[in-house]
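Below are the chains, spelled out letter by letter.
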Amino acid sequence: MEDLEKFVQGFSRFQQQYFSEPQTLYDSLRSGQRPTTLLIGCCDSRVDPMLLTGSDPGDMFVVRNIANLVPPCTPEAPPGVSSAIEFAVCNLEVARVIVLGHARCGGIRALLAPQPAAQETDFVGQWMKIAEPVAQRVRRELAHRSEEERHKACELASILQSLDNLLTYPWLKRRVEAGALKLHGWYFDIESGALMAYSVRQHQFLPLVCPLERARHLRGERPQAD
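Residues numbered from 1 in each chain as written. Predicted model: local features only at pLDDT ≥ 70, side-chain atom pairs only at ≥ 80, totals over all residues. Heavy atoms only, no water.

Would you take a moment to explain the nonpolar core for this structure?
One broad trend across soluble globular proteins is that nonpolar side chains are buried collectively. Ranked by internal contacts, the top residues of the largest apolar core, which has 42 residues, are Leu38, Ile40, Ile85, Leu166 and Leu172. Broken down by element, the residue count for this core peaks at six residues, all from helix α8 (residues 147–166). Among residues more than four places away in sequence, those in contact with leucine 166 are Ile40, Val70, Ile85, Val97, Val99, Leu172 and Leu183. In terms of nonpolar packing, the next biggest core, distinct from the first, is built from nine residues, Val47, Met60, Leu100 and Phe188 among them. (Core = buried A, V, L, I, M, F, W, Y, C linked by side-chain atoms within 4.5 Å. Buried < 20%, exposed > 50% of the residue type's maximum accessible area, 1.4 Å probe, protein only. Helix = DSSP H or I, 4+ residues; strand = E, 2+ residues; numbered from the N terminus. Contact = heavy atoms within 4.5 Å.)

What is the right way to look at the environment of phenylalanine 61 in this model?
Along the polypeptide, phenylalanine 61 turns up in strand β2 (residues 60–65). When the C-alpha atoms of phenylalanine 61 and glutamine 33 are compared, they prove to be 8.9 Å apart, with 28 residues separating the residues in sequence. Setting aside residues no more than four positions away along its own chain, phenylalanine 61 makes contact with Gln33, Pro35, Thr37, Leu38, Leu39, Ala84, Phe87, Ala88 and Leu92.

Just checking my understanding: could you explain the sheet that holds β2 for this structure?
Sheet strands pair by backbone hydrogen bonding; their relative direction is either parallel or antiparallel. Strand order in the open sheet made by the six strands is β2-β1-β3-β4-β5-β6, with mixed pairing throughout. Of all the strands in the sheet, the pair left with one neighbour each is β2 and β6 (204–209). Strand-to-strand twist in this sheet, taken as the mean axis angle between neighbours without regard to direction, amounts to 30°. Sheet analysis places strand β4 (residues 182–188) next to strand β5 (residues 195–199), joined by three bridges and oriented antiparallel. Within the sheet, the bridge partner assigned to phenylalanine 188 lies in β5 and is leucine 195. (Pairing = 2+ DSSP bridges. Axes fitted to C-alpha atoms, helices over the stretch in contact; angles between N-to-C directions.)

What is the right way to read the pairing of strand β3 (residues 96–102) from this model?
The side chains of a regular strand alternate between the sheet's two faces. Burial runs high along β3: six of the seven residues are buried. In terms of strand pairing, β3 meets β4 through seven bridges, oriented parallel. Note on β4: the bridge partner recorded for glycine 101 is tyrosine 187.

Could you clarify how one ought to interpret the environment of aspartate 59 in this entry?
Within the secondary structure, aspartate 59 is located in the loop between α3 (49–53) and β2. Using a relative accessible area of 33% as the deciding quantity, one classes aspartate 59 as partly exposed. Distance from aspartate 59 to cysteine 105, taken between C-alpha atoms, is 25 Å for residues 46 residues apart in sequence. Those residues in contact with aspartate 59 that lie beyond four places of it in its chain are Pro35, Thr36 and Thr37. In this structure the side chain of aspartate 59 is engaged in a polar contact, spanning 2.8 Å, whose partner is the backbone nitrogen of aspartate 56. (Polar contact = N/O pair within 3.5 Å; in protein donor to acceptor, adjacent residues only side chain to side chain.)

Hey, could you run me through the packing of helix α4 (residues 79–91) against helix α9 (residues 170–177) in this one?
Think of two packed helices as two axes; the pair is described by the angle between the axes and how far apart they sit. Two numbers describe how α4 lies on α9: the axes approach to 10 Å, and their chain directions differ by 40°. If you check the angle between α4 and α9, you find them oblique. Taken as a pair, α4 and α9 cross one another with a handedness that is left-handed. Residues Ile85, Glu86, Val89 and Cys90 of α4 touch α9, and the partners they reach there are Trp171, Leu172 and Arg175. For the contact of α4 with α9, the residue count by class is five nonpolar, no polar and two charged. (Parallel < 35°, antiparallel > 145°, perpendicular 65-115°, else oblique. Left-handed = near helix turned anticlockwise from the far one by under 90°. Nonpolar A, V, L, I, M, F, W, Y, C, P; charged D, E, K, R; others polar.)

Looking at this structure, how should I read the side chain of serine 199?
For serine 199, the position within the fold is in strand β5. Setting aside residues no more than four positions away along its own chain, serine 199 makes contact with Gln204 and Leu206.

Help me out: how do you make sense of a nonpolar patch on the surface in this one?
The grouping of Leu4, Phe7 and Val8 at the surface amounts to a nonpolar patch, some 300 Å² of accessible area in total. Checked against the element boundaries, phenylalanine 7 lands in helix α1 (residues 2–19). (Patch = residues over 30% accessible without salt bridge, like charges linked within 9 Å, V, L, I, M, F, W, Y side chains within 5 Å. Areas by Shrake-Rupley, 256 points an atom, 1.4 Å probe, with all protein chains shown as cover. Salt bridge = Lys/Arg side-chain N within 4 Å of Asp/Glu carboxyl O.)

Could you clarify how one ought to interpret the pattern of salt bridges in this entry?
Two side chains bearing opposite charge may form a pair once their charged atoms approach each other closely. Under the criterion given, the structure shown has six salt bridges. Across the pair arginine 104 and glutamate 191 runs a salt bridge whose closest N-O atoms are separated by 2.8 Å. Taken together, the positions of arginine 104 in the loop between β3 and α5 (106–112) and glutamate 191 in the loop between β4 and β5 put the pair 87 residues apart, joining distant regions of the chain. Each of Arg104, Glu148 and Glu191 takes part in a single network of salt bridges with overlapping partners.

What follows is the structure, encoded as structure tokens:
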């Protein structure tokens, strides 16, 4: 009940922020949504896209699933994620798609070290098969590296696979080729607080927002005392 009360109080703060003024944000949103961005993120409770980016209602069309995966465009593709992508790109005509992965992803851990199903269903295992080619490549090419290094490599590589899978949707690919849609791969490092972005030019993930202490150093600020 304490958690539930926290949620109710949180809605009250939301109500005060967005509905207390004579002219509010929702006055413009009642007639429909016009987000500029589709963000495909993980269900992980530590990685809330709206909170991480400081977005307001209406800024983002968000799709969340385990391990922020995009299935390829095939007749067998799970319609939930694919239909959301279709609606965002074809109906809302978003200007960009961001695939947001993160460190310490439980879905990637389950992919690299699958366990026997503890219940009568295995929906997680079935879903994670989308990224199985990535896991196989990581196991083959990084067999000599530590488990932690393989885990992170798989997290990063799965983001790139999802970006590649986005281009299997013909209507999305046409918009990319026409310059009407941009694709981005982001990675949130839970440990350091950094945000990384994939650079097509340099073929690697580079800091988009540095870890806090490094950012302070670059700004010439003194570290805060404990």
